[in-house]
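Structural description and commentary
Here is how the chains run, residue by residue.
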Amino acid sequence: MNNTYEKPEINKDAFNCPFCGTYAKMEFLNFSDDERQIKYKINEIVSSINHKYYNSIGEKEKIIIEKIKETIYIYAKIVPILSFCHKCKKTAIWVDEKIVYPKPRLTPMPNEDLDDNLKEDYEEASKIVQDSPRGACALLRSVLQKLLINLGEDKNINSAIKNLRDKNEIDEKLLKALDSVRIIGNSAIHPNELDLKDDKDTALALFDIINYIADRMISSKKKIDKIYELLPASAKNALPEIKNQ
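The present account deals with the structure reproduced in this document.

**Some words on helix 4 (residues 133–150)**
With 18 residues, helix 4 ought to run about 26 Å at 1.5 Å a step, and its terminal C-alpha atoms sit 26 Å apart, in line with that. Along helix 4, the residues that are buried comprise Pro133, Ala136, Cys137, Leu139, Leu140, Arg141, Ser142, Val143, Leu144, Leu147 and Leu148. Its buried side turned inward, helix 4 meets helix 3 (116–128), helix 5 (157–166), helix 6 (172–189) and helix 7 (200–229). Gly152 sits one or two positions beyond helix 4 and adopts a positive phi of about 90°.

**Details of the pairing of strand 3 (residues 81–85)**
Burial along strand 3 is one-sided: the face carrying Ile81, Ser83 and Cys85 is buried and the face carrying Leu82 and Phe84 is not. Bridge count for strand 2 (residues 23–29) against strand 3 is 4 bridges, and the pairing is antiparallel. Residue pairing for strand 3: Met26 is matched across the bridge by Cys85. Both strand 3 and strand 4 (residues 91–95) contribute to a ladder of 4 bridges, which runs antiparallel. Of the residues in strand 4, the one forming a bridge with Ile81 is Trp94. Taken together, strand 3 and the strand that follows it, strand 4, pair antiparallel across an intervening segment of 5 residues, in which Lys89 is found at a positive phi of about 70°.

**Things to note about the sheet that holds strand 1 (residues 14–16)**
Judged by pairing direction, the sheet is antiparallel, and its 5 strands sit side by side in the order 1-2-3-4-5 without closing on themselves. Unpaired on one side and paired on the other, strand 1 and strand 5 (98–101) mark the two borders of the sheet. The average undirected angle you get between the axes of adjacent strands in this sheet is 45°.

**As for the environment of His86**
Tracing the backbone shows His86 in the loop between strand 3 and strand 4. For the pair His86 and Lys25, spaced 61 residues apart in sequence, the C-alpha separation works out to 5.7 Å. Separated by 3.4 Å, the side chains of His86 and Glu27 make a polar contact.

**Here's the deal with a nonpolar patch on the surface**
Side chains of Val95, Val100 and Tyr101 sit close together on the surface and give an oily, nonpolar patch of about 260 Å² of accessible area. Relative to the helices and strands, Val95 is located in strand 4. Take Val95: its relative accessible area is 33%, and that puts it in the partly exposed class.

Basis of the calculations
- In this numbering scheme, every chain counts its residues from 1 along its sequence in written order.
- Since the coordinates come from a predicted model, pLDDT governs what is reported: local features require at least 70, and pairs of side-chain atoms require 80 or more to be given and counted, while whole-chain, interface and lining totals use all residues.
- Excluding hydrogens and water, the side-chain figures rest on all heavy atoms present in the structure.
- Each helix is a run of DSSP H or I of at least 4 residues and each strand a run of E of at least 2, with the numbering of both proceeding from the N terminus.
- Expected helix span is computed as 1.5 Å times (number of residues minus one).
- Only protein chains enter the area calculation, which uses a 1.4 Å probe; residues under 20% of their type maximum are buried, those over 50% are exposed, and those in between are partly exposed.
- Only heavy atoms matter for contacts: two residues are in contact if any of them lie within 4.5 Å across the pair.
- At least two DSSP bridges between two strands are needed for those strands to be called paired.
- Note on definitions: angles span 0 to 180 degrees between N-to-C directions of axes, and those axes are lines fitted to C-alpha atoms, for helices only across the stretch in contact.
- Each polar contact in these results corresponds to two N or O atoms within 3.5 Å; when the atoms are within protein, one needs to be able to donate a hydrogen and the other to accept it, and residues that are neighboring in sequence are counted only if both atoms are side-chain atoms.
- What makes a patch is a set of residues exposed beyond 30% relative accessible area and free of salt bridges, joined within 9 Å when like-charged and within 5 Å when nonpolar (Val, Leu, Ile, Met, Phe, Trp, Tyr).
- Only the protein chains shown count as cover for residues, and the accessible areas themselves come from Shrake-Rupley with a 1.4 Å probe.
- Any Lys or Arg side-chain nitrogen found within 4 Å of a carboxyl oxygen on Asp or Glu counts as a salt bridge.

The values reported here are purely geometric and, on their own, carry no functional implication.
Next up, the structure:
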């Protein structure tokens, strides 16, 4: 499964829409572009008047013109930038180069092969990661714990990982992924040397790791089983003989 996610960023040509979630082309409407054009026109008019009437614009008029420019500048700063999704046709609002409506999704979608109750915890973590990275990490630890239980392992994550390692069911990369979620999740619940209170980057990385674990432990195995089922019975019956040769 492809969980590639491109987060919304100002003036980026395409990203995952905060409304429909689809990776789509985006069109930005920015008043600051109009601001530059308007200021250019004002300067052009002033130059034309001065040239035609021999610098007839006095100090009073100059002050008024500068106030107009300042008003345009302020307006450009407070008027939000808009982005239009070419897929769902909805418009998002940006202020100070950050999306404010709708609340942006910062994480990839959960692996589609996760059970619904695990997806619910994952999505809850996704909703709070901006405001509470520690809370999101704790929820993702819960996702891992439930995933391992569903696979028939112990509810104690440490024991479950050790058992999987002893059975040679996980390689070094998967072991690192499992331990990362375990250690970071434990730190969220029982703070120690890792301070996750404002560590959004670590929390966001954990979503990718959860999807990686789900892909390795669930999705990839399902794909292999599906391919295996396509083999004719005669070929499958011959496999043990081939294996022993």
